[in-house]
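As a plain string of letters, each chain reads:
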There are 2 protein chains.
Amino acid sequence: MSVLIVGSTALDSIKTPKAENPRLLGGSASHAAIAASFFGPVKLVGVVGKDFPKRYIQLYQKHGIDLKGLQIQEGKTFHWSGEYELNMNNRRTLLTELGVFEKFTPHLPDVHKNSPFVLLANIAPALQHHVLDQMRRPKFVIADTMDLWLNIALEDLVRLLKRVDAFVLNDSEAHQLTKEDNVFAALRKIHQLGPKYVIIKKGSHGSVLSSPRGFFLCPAYPLHKVLDPTGAGDSFVGGLVGYLAHTKGNVDRNIRRAMIHGSVVASFCCEGFGVTRTTKVSAKDIDRRVRELEALVRF
Amino acid sequence: MSVLIVGSTALDSIKTPKAENPRLLGGSASHAAIAASFFGPVKLVGVVGKDFPKRYIQLYQKHGIDLKGLQIQEGKTFHWSGEYELNMNNRRTLLTELGVFEKFTPHLPDVHKNSPFVLLANIAPALQHHVLDQMRRPKFVIADTMDLWLNIALEDLVRLLKRVDAFVLNDSEAHQLTKEDNVFAALRKIHQLGPKYVIIKKGSHGSVLSSPRGFFLCPAYPLHKVLDPTGAGDSFVGGLVGYLAHTKGNVDRNIRRAMIHGSVVASFCCEGFGVTRTTKVSAKDIDRRVRELEALVRF
C-alpha cells in the first residue's frame, strides 16, 4: 500500500572542522521519503523554491518518489545551515532562511487523499492537522515532531495526538512534554494523550515502543563513527512507515520489525552527510544489517 | 563452581528529599555478593570494623555467603554518605569515612585460592593485583572499576587489564580511559589493553559486550521508577559472574545470558535503597524478568 509523507523539503549546509557541505538535500520529508522508498512507492508533499537543484528532483525520482504533491514556488527553498564541533556531538545553527516554506500550505492532490499510510513528518502541527483534514479515512497515521513545536505550538500538537495512531519523539522532547525523566513513565503519560503507539527515540541507545502488546526495546545499529546524524530520526520513521505499508499483516504484528528496519536505514543516514550515504544503499544492505541486529540482541 | 568476590564492604547513608536511610549495607562486594548468591555459593573477601551491625553478617549468611575472607578489625567500617536531589538523578557525596578500609589488604584464606571464578569488584587496582597474586590459576577473572582509579591509579589499572579475562566499566569511564565518545570505538581500544571480554554499562540504556563472538546489546529491564541506583553496577557484575560460575558450558557461550541475569538483578537493586529490595528477591522473580526481557527484544 502506498505511503504519503508530508514534511519539510530543504537545503542543508553542514560545516565541520574538516569540510563544508553546502546545499545538501535535507528536510524531514526528504529523509523520510528516501528511507521509505526502499520498501515501496512513496508520495511526497512539500514545497521548494525555483532555486531547488534539478539533480535533487532527479534523486527523488530515482527513488520512485511521486512528486505530484511537491509544490515548486517562486522564491527560495528553505535553507538551514549548521556547524559541528570537533567531537561531532554538538551542532549549532548558523542560519535559517525559511524562504517559500514560511507560507507553505500542504495541498493534497486528489489521488493522494486515499493513501492508507500517512507520515506527518516534522512540520508545524497546524500543517499536520491540515493534511489530516484533507484525508479520507487513512488506515494508519504516524506523526513526528520537534522541540520547537512543543515550545510554540503545544496546544495544536496535543490536539493532533488525538487524531494519530502513532507518535514518535525523542527522549528530551518526551521529557519536555511530560516532565518525566523516566522513559517508561513518559510513555504512559503520552498514551493518555491519545496515540495507540508511542515511540521514544534515544539516538545511539535505540528506541522504545509502547503499544497494546507492551513495550519493545529496539536497538540502534552499532556504528563506530557517526559522520552526520542530521535526518537520522526522519529516516527512522520513514523506514518504519515504509516497511509497515508494504508488509503483509496488521500493524500490531509488524511494528517491531518496522522499527528495526527504520533503525537500520537511520544507521546508514548517520554514515554520510545529508542523504549521500542513504541514497547509495541497496535492499540487500538493509537486510544484512537487520540480520546483524537479530544476532546482536539474541541471548 | 564457586565464585570469589573481593571489594568494598561499607555502610551507606543515603538521604533523599523524603527520607533518611542511615547505615544501609553497602559497598561493591556486598552488592555483588548478594547478586551472585542467587545462582550458587559465593565467597566474600573484604574488611569491616567492630561497629559493623550483626544483622548484616546474618544477612550475608542468609544468602549463603562464605565469610571466611571477611576481616573484622578494630576501628570503624567504611562509611559513605550521600544525598539525592529532588529528581533522583543527581547524587552528591556528603561524607566519606574510610575507617578500616583505608589500610585494607585482602588476604585470601587458603581454601579461597583455588576459586575458579573471581570478581575483582570496585576497589583500588593495587588491591585487585594483590588478590590475583594470591590466586592459583583461576578459570575466569572479571574486574570492575570506577572513575577515581582512572584518575589516581591509571598505571595500576592498565597493568591489571593484562591479567583479567573480562573488564566492566561504565560509558563515562570508557570515555575517560580511551578519549572516545563512541562506545564501539572505545570497546575496540580497551580490547587492545588486554581483556578478551569488555562490557560497557550505560545505566538505563543497558550495556554492550564486545567479545570474540562479536558484540551483544544487553537491554536494561524497564523500570518506571528508580529509587536508588547505588550498587546497580555491582549487582550487574555480581549477577553476571554468579550466573557464569553456576551454568554448564563455556564462558563464550554463556556470557550473554549471564549479562541478562546481571541486568535483571541490577533492576531489582534500583527499586530499593541499598540491598533492601535485592535481598527480598526470589529465583522465580529473576526468571520472570529474564523471560520478560526475552519478549521485550524479540522482533
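Residues numbered from 1 in each chain as written. Chains lettered and ligands numbered in written order. Predicted model: local features only at pLDDT ≥ 70, side-chain atom pairs only at ≥ 80, totals over all residues. Heavy atoms only, no water.

Comments concerning the environment of A35 of chain B
Residues and elements named next belong to chain B.
At step 1: Turning to its location among the elements, A35 is positioned in helix α1 (residues 28–37).
At step 2: Distance from A35 to F236, taken between C-alpha atoms, is 7.5 Å for residues 201 residues apart in sequence.
At step 3: Ignoring sequence-local partners within four residues, the contact set of A35 consists of S235, G238, G239 and V265. (Helix = DSSP H or I, 4+ residues; strand = E, 2+ residues; numbered from the N terminus. Contact = heavy atoms within 4.5 Å.)

Details of the relation of the copies chain B and chain A
At step 1: Least-squares fitting of chain B to chain A yields an RMSD of 0.0 Å, with the transformation described by 0.0 Å of translation along the axis and a rotation of 180 degrees. Such a combination of rotation and displacement between the chain copies is what one expects of a two-fold axis. If distances are taken from each C-alpha of chain B to the rotation axis, the shortest is found for H205 of chain B, at 3.0 Å.
At step 2: Most of the interface of chain B is mirrored in chain A, where 100% of its interface residues are also at the interface. (Least-squares fit on C-alpha atoms with pLDDT ≥ 70 in both.)

Considerations on the confidence of the model for chain A
At step 1: Put simply, chain A has an average pLDDT of 95, and 99% of its residues get 70 or more.
At step 2: Interface scoring of the predicted complex returns ipTM 0.92; its pTM is 0.95. (pLDDT = per-residue confidence, 0-100.)

Focus: the pattern of salt bridges
At step 1: Inspection of the entire model under this criterion finds 28 salt bridges over all chains.
At step 2: Linking R23 of chain A and D51 of chain A is a salt bridge whose minimum nitrogen-to-oxygen distance equals 3.7 Å. Of this pair, R23 of chain A sits in strand β3 (residues 20–26) while D51 of chain A is found in the loop between β4 (42–49) and α2 (54–62), placing the two residues 28 residues apart along the sequence.
At step 3: Where R136 of chain B meets D110 of chain B, a salt bridge forms, and the shortest distance between an N and an O atom there is 3.7 Å. Here R136 of chain B, found in the loop between α3 (125–134) and β9 (140–143), pairs with D110 of chain B, found in the loop between β7 (91–97) and β8 (117–120); they are 26 residues apart in sequence, far enough to count as distant.
At step 4: You can call R136 of chain B partly exposed: its relative accessible area is 41%.
At step 5: One network of salt bridges, in which partners are shared, links D110, K113 and R136 of chain A. (Salt bridge = Lys/Arg side-chain N within 4 Å of Asp/Glu carboxyl O. Buried < 20%, exposed > 50% of the residue type's maximum accessible area, 1.4 Å probe, protein only.)

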